[in-house]
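Structural overview for review
The primary structure of each chain is shown beneath.
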Amino acid sequence: MALIALAADKGAPGVTTAAIALGAVWPRPVLVAECDQAGGDLVYRLPAEGGGMLNPSRGLLSLAATARRGLRPDQIPEHAQRLVGGLDVLAGVTNAEQAQALTWLWAPLGRCFASLHPVDVLADCGRLGAGSPLNDLLREADMIVLLTRASLEQVAHLRERIGVLTSAESRTRAPIGVVVIADPRDYRGSIAEVERIVAQASLPATVLGGFAYDPKGAELLRGQWGGRLDKSLLIRSARELAGGLLGRLPVRAALPVDVRVTSDPARPRAPLAQPAPPAPSERGR
Ligand SMILES: Nc1ncnc2c1ncn2[C@@H]1O[C@H](COP(=O)(O)OP(=O)(O)OP(=O)(O)O)[C@@H](O)[C@H]1O
Ligand SMILES: [Mg+2]
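Residues numbered from 1 in each chain as written. Chains lettered and ligands numbered in written order. Predicted model: local features only at pLDDT ≥ 70, side-chain atom pairs only at ≥ 80, totals over all residues.

**Structural notes on the overall build of the protein**
A tally of helices and strands in the protein yields 10 helices and 8 strands. By the burial criterion, 46% of the 285 residues in the protein qualify as buried. Taking the contacts inside the protein whose residues are at least 6 apart along the sequence as the reference set, 78% of them involve residues at least 24 apart. (Helix = DSSP H or I, 4+ residues; strand = E, 2+ residues; numbered from the N terminus. Buried ≥ 20, exposed ≤ 12 C-beta atoms within 10 Å, placed from the backbone. Contact = placed C-beta atoms within 7 Å.)

As structure tokens, then:
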């Protein structure tokens, strides 16, 4: 179904956090794929279903090993793993050196993600640098979502990145959406400010909305302690954003919303409201 590439230009505004939060509330079957070339964080950050650690060798690396002679969408689910709470993820490489050996993978992987039925893929593309091989994946995306904080520096870098992405050399065709990671105390104001800058500079991008800057919610999402994640500002803003994002997808990718169906129909995805994962100190006891 849809391939949505989430990325940033500079800093660590919260791309991985947003990818997980969106995945957790996504109203259609979804896979969060860690495509960050700097190396993934999921294995260290989130427990697998059952409470153990995710297997770091199962994911992009194992998929690449089987895909040398061609990659088909039906190979992808075999390499996915399920997080506590029910979200399916494709774990990324563990360091940048591994990513350097995988530059050939991004184009076929992007094509497979975009035709993975009936699953949408949220690809965490990390920070996009100069001449990034990830451009091959971005070219297959239905939408590129750039995350930014509302600071002057980050918005300046965002402008530059939009310019690069829409240049002739990049050859990306997907619409570009901007998400502002905004302090709840000035949520609407921060979004409006970024909207104003995007409009004034006539940037070929649309501000999709905000994602709450919510340190407590971000910690809960890492599974460091139990709590009311489902009601956190982070998750509430993720819900609103997911709806807005789906509404803006190009027609090809905007097929019906099928509430809470998983990529594995036999095992319904658990809602986030279930008890929070144990603290790391309690895991494995
Ligand atoms: N919406 C948010 N509210 C509060 N804290 C956040 C939010 N998003 C991320 N953080 C915090 O900011 C830090 C970086 O987050 P994250 O790893 O998601 O960023 P990133 O953009 O993926 O970074 P990198 O480029 O290093 O992969 C983490 O400590 C995370 O808990
Ligand atoms: Mg990240």
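So, next bit.
**Let's talk about the sheet that holds strand 8 (residues 206-212)**
Strand-to-strand pairing in sheets goes through backbone hydrogen bonds, with the strands running parallel or antiparallel. Ordered by their spatial adjacency, 8 strands build an open sheet running 3-4-2-5-1-6-7-8, and the pairing between neighbours is mixed. The open sheet terminates on both sides in strands that have one partner only, identified here as strand 3 (81-82) and strand 8. Helix-sheet contacts for helix 5 (residues 106-114) involve strand 1 (3-8), strand 2 (30-34) and strand 5 (120-127), and the interaxial angle to strand 1 is about 130°. Seen against the sheet, helix 10 (residues 233-248) touches strand 1, strand 6 (143-149), strand 7 (176-182) and strand 8 and runs at an angle of roughly 160° to strand 8. (Pairing = 2+ DSSP bridges. Axes fitted to C-alpha atoms, helices over the stretch in contact; angles between N-to-C directions.)

**Overview of the nonpolar core**
Ile4, Ala5, Leu6, Ala123 and Ile144 are the most contacted members of the largest nonpolar core, which totals 90 residues. Counting residues per element, this core draws most heavily on helix 1 (residues 15-25), which supplies 8 residues. Each residue touching leucine 6, except ones within four places of it in the same chain, is listed here: Val15, Ala18, Ala19, Leu122, Ala123, Asp124, Cys125, Val145 and Leu147. (Core = buried A, V, L, I, M, F, W, Y, C linked by C-beta atoms within 7 Å.)

**Notes on the confidence of the model for the protein**
This prediction gives the protein a mean pLDDT of 86; 87% of its residues lie at or above 70. Considering each helix and strand of the protein separately, the mean pLDDT is smallest for helix 4 (residues 96-100), with a value of 89, and largest for strand 2, with 98. Predicted confidence is poor over residues 257-285, with pLDDT under 50, and the contacts of this stretch with residues over four places away or in other chains come to 45 contacts. (pLDDT = per-residue confidence, 0-100.)

**Quick look at the site of ligand 1**
For ligand 1, the set of nearby residues contains 19 residues, the closest of which are Ala12, Gly14, Thr16, Thr17 and Ala218. Where the shell around ligand 1 is concerned, the elements lending two or more residues are helix 1, strand 5, strand 8 and helix 9 (215-221). Broken down by element, the shell around ligand 1 gets its largest block of residues, 3 residues, from helix 1. Here the residues of the shell around ligand 1 are counted per class, giving 11 nonpolar, 4 polar and 4 charged. (Near = placed C-beta within 6 Å. Nonpolar A, V, L, I, M, F, W, Y, C, P; charged D, E, K, R; others polar.)

**Points about the pairing of strand 7**
With respect to burial, strand 7 is a largely interior element, 7 of its 7 residues being buried. Residues Ile176, Val178, Val180 and Ala182 line one face of strand 7 and the alternating positions Gly177, Val179 and Ile181 line the opposite face, and both faces are buried. Alignment of strand 6 against strand 7, held across 6 bridges, turns out to be parallel. Its bridge partner lying in strand 7, isoleucine 144 is registered against isoleucine 176. Handedness of the crossover joining strand 6 and strand 7 through helix 7 (residues 152-165): right-handed. Bridging between strand 7 and strand 8 involves 6 bridges; their strand directions are parallel. Considered in strand 8, the bridge of valine 178 is made with valine 207. In this region the chain leaves strand 7, passes through helix 8 (residues 187-200) and returns to the parallel neighbour strand 8; the handedness of that crossover is right-handed. (Right-handed = clockwise from strand over helix to strand, strands pointing away.)

**Here we look at the environment of methionine 53**
One can find methionine 53 in the loop between helix 2 (42-45) and helix 3 (60-66). Taking the C-alpha atoms as reference points, methionine 53 and leucine 83, separated by 30 residues in sequence, lie 9.3 Å from one another.

**Looking at the packing of helix 1 against helix 10**
In contact at an axis separation of 9 Å, helix 1 and helix 10 are set at 70° when each is read in the N-to-C sense. Put simply, helix 1 runs roughly perpendicular to helix 10. Taken together, the residues of helix 10 that come into contact with helix 1 (itself represented by Ala21, Leu22 and Val25) are Leu234, Ile235, Ala238, Arg239, Leu241 and Ala242. Its residues assigned to classes, the contact of helix 1 with helix 10 comprises 8 nonpolar, no polar and 1 charged. (Parallel < 35°, antiparallel > 145°, perpendicular 65-115°, else oblique.)

**Description of unusual backbone geometry**
Backbone geometry follows two general trends: most residues other than glycine have a negative phi, and most peptide bonds adopt the trans configuration. In this chain, histidine 117 is followed by proline 118 through a cis amide linkage whose omega measures 0°. Residue position: proline 118 is located in the loop between helix 5 and strand 5. Of note, arginine 171 is a non-glycine position whose phi angle comes to about 55°, a positive value. For arginine 171, the location among the structural elements is in the loop between helix 7 and strand 7. Residue classification places arginine 171 among the exposed positions, given that 12 C-beta atoms sit within 10 Å.

**Brief notes about helix 5**
Inspection of helix 5 places Trp106, Leu109, Gly110, Cys112, Phe113 and Ala114 among the buried residues, and these make up the whole buried set. Looking at the buried residues of helix 5, the elements they touch are strand 1, strand 2, strand 5 and helix 6 (135-138).

**Remarks on the pairing of strand 2**
Of all 5 residues in strand 2, 5 are buried, a share of seventy percent or more. Burial along strand 2 is two-sided: the face carrying Val30, Val32 and Glu34 and the face carrying Leu31 and Ala33 are both buried. Here 5 bridges tie strand 2 to strand 5, and the two strands are oriented parallel to one another. Note on strand 5: the bridge partner recorded for valine 30 is aspartate 120.

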